[in-house]
Amino acid sequence: MFIVYILIGSFFGGLSRFLLSTWLNRFQFDGFSIGTLVVNCLGSILLGVVLSYGIVIEGHFNREALIEIGFLGGMTTFSTYALESYDLIQKNKFAYAVVYLLGSPIFGMIGFWGVLFLNGGAL
Amino acid sequence: MKLPVSLSVGFGSALGGLSRFYADTFLLSIASDNVYTSLFLINVFGSFLIGFFLIRSQGASDEGAKLNWYFWGVGFCGGFTTFASFVLLLVNGLMNASAMEAGIYATFSVLGGLLALVTGLIIGQKLLLKS
């Protein structure tokens, strides 16, 4: 059954990523696309929410499969992060590449931590 | 947004997510349950694949080839790789190990991903020239 949960979660995760990042990419800052950056950070924040508020609990495998492995795993992406970074480097936009490369994990961690902080530091 | 495009991304992502689960299970079994090694390899391999698929779909004008990119590139590679777990591992690394080790892991992941992507672009290009 967990296979079905992973499939459904990843389907809607990937779909959300695509729709949200496509919409966000309409707002370009000098050729810098914020879509994947925002979606990756949002996914990291949501992971903080589902883990710290007990929505996903270790051992509850169906919930892990649907929400953590499936939805949030499919919603966030590393391959497009690498691709868009490379694209910025190739266009000689080194400052944006650095902002994107460092900003994605740093904002993601701050968001994740922010959730833990709001919830009293519990994970 | 056209429905076939969105569906291609969705189904590609579903296949990518399931593949990630199986790859993770396999990699954990051979990497003595090291979640850092497993996620590193998954993200690097997915970055290689997206480079490969990008080259294969570039210049394609027909609808089928475009949908191929949405399924394999945006959907599959996007769903196969993950950023949320990457952030979680960095946070865990910062709390349980050290900022230095988390920084090294992040640097290796990013550089590995970029290197794999370029390798994917080159191999895709070579195969394209052959065919």
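Residues numbered from 1 in each chain as written. Chains lettered and ligands numbered in written order. Predicted model: local features only at pLDDT ≥ 70, side-chain atom pairs only at ≥ 80, totals over all residues.

Caption draft 1: Main features of the overall build of chain B. Scanning chain B from terminus to terminus reveals five helices and zero strands. Along chain B, from the amino end to the carboxyl end, the secondary structure elements read α-α-α-α-α. Within chain B, counting contacts between residues at least 6 apart in sequence, those at least 24 apart form 76% of the total. (Helix = DSSP H or I, 4+ residues; strand = E, 2+ residues; numbered from the N terminus. Contact = placed C-beta atoms within 7 Å.)

Caption draft 2: Seen up close, the overall build of chain A. When its secondary structure is counted, chain A shows five helices and two strands. Its C-alpha atoms give chain A principal-axis dimensions of roughly 45 × 35 × 20 Å. For chain A, with 123 residues in total, the buried portion stands at 50%. Of the contacts formed within chain A by residues at least 6 apart in sequence, a portion of 71% connects residues at least 24 apart. (Buried ≥ 20, exposed ≤ 12 C-beta atoms within 10 Å, placed from the backbone.)

Caption draft 3: Examining the interface of chain B and chain A more closely. If you look at the interface, chain B gives 38 residues, while chain A gives 38 residues. Of all the secondary structure elements, the ones that give two or more residues to the side of chain B that touches chain A are α1 (3-30), α2 (35-57), α3 (63-80), α4 (84-96) and α5 (99-130) of chain B. In terms of residue count, α1 of chain B provides more of the side of chain B that touches chain A than any other element does, twelve residues in total. Partitioned by chemical class, the residues of the side of chain B that touches chain A number 21 nonpolar, 16 polar and one charged. (Nonpolar A, V, L, I, M, F, W, Y, C, P; charged D, E, K, R; others polar.)

Caption draft 4: Spatial organisation of the confidence of the model for chain B. Residue and element names in this part refer to chain B. Across chain B, the average pLDDT comes to 93, with 98% of residues at 70 or higher. Taking the mean pLDDT of every element in chain B, the minimum, 93, falls on α3 and the maximum, 97, on α1. Reported confidence for the predicted complex is 0.94 by ipTM and 0.95 by pTM. (pLDDT = per-residue confidence, 0-100.)

Caption draft 5: Quick peek at unusual backbone geometry. Positive phi outside glycine occurs at N92 of chain A, with the angle close to 60 degrees. Topologically, N92 of chain A is positioned in the loop between α4 (79-90) and α5 (94-118). At S32 of chain B, a position not held by glycine, the phi torsion is positive, near 40 degrees. With respect to the helices, strands and loops of the structure, S32 of chain B is situated in the loop between α1 and α2.

Caption draft 6: Expanded view of α5 of chain A. Residue and element names in this part refer to chain A. The first and last C-alpha atoms of α5 sit 35 Å apart over 25 residues, in line with the 36 Å expected at 1.5 Å per residue. The principal kink in α5, of about 35 degrees, is found at G103, preceding the proline P105 by one to four residues. Regarding α5, the residues found buried are Y96, A97, Y100, L101, S104, P105, G108, M109, G111, F112 and V115. (Expected span 1.5 Å × (residues − 1). Bend = angle between axes of the 7 residues up to and from the residue.)

Caption draft 7: How the structure looks around the packing of helix α1 (residues 2-24) of chain A against α1 of chain B. Between α1 of chain A and α1 of chain B, whose axes approach to 7 Å, the crossing angle comes to 130 degrees. In terms of orientation, α1 of chain A lies oblique with respect to α1 of chain B. For the element pair α1 of chain A and α1 of chain B, the recorded crossing hand is right-handed. Taking contact as the criterion, the partners of I3, I6, L7, G9, S10, F11, G13, G14, L15, F18 and L19 of chain A in α1 of chain A are, on α1 of chain B, S6, V9, G10, F11, G12, S13, A14, G16, G17, L18 and F21 of chain B. For the contact of α1 of chain A with α1 of chain B, the per-class residue count stands at twelve nonpolar, ten polar and no charged. (Axes fitted to C-alpha atoms, helices over the stretch in contact; angles between N-to-C directions. Parallel < 35°, antiparallel > 145°, perpendicular 65-115°, else oblique. Left-handed = near helix turned anticlockwise from the far one by under 90°.)

Caption draft 8: Layout of the environment of F71 of chain B. Residues and elements named next belong to chain B. Along the chain, the position of F71 falls in helix α3. Considering only alpha carbons, one finds F71 and S13, 58 residues apart in sequence, at a separation of 7.5 Å. Once residues lying within four places of it in the same chain are set aside, the contact partners of F71 are S8, F11, G12 and F76.

Caption draft 9: α5 of chain B, seen in detail. For α5 of chain B, spanning 32 residues, the distance from its first C-alpha to its last is 46 Å, which sits close to the expected 46 Å at 1.5 Å a residue. Buried within α5 of chain B are the following residues: A102, A106, S109, V110, G113, L114, A116, L117, G120 and G124 of chain B.

Caption draft 10: Representation of the packing of α2 of chain B against α4 of chain B. All names here are of chain B. Closest axis-to-axis distance for the α2/α4 pair is 11 Å, and the angle between their directions is 145 degrees. In the packing of α2 onto α4, the handedness of the crossing is left-handed. Across the interface between the two elements, V35, Y36, L39 and N43 from α2 touch S85, F86 and L89 from α4. Looking at the contact of α2 with α4 residue by residue, the class counts come to five nonpolar, two polar and no charged.

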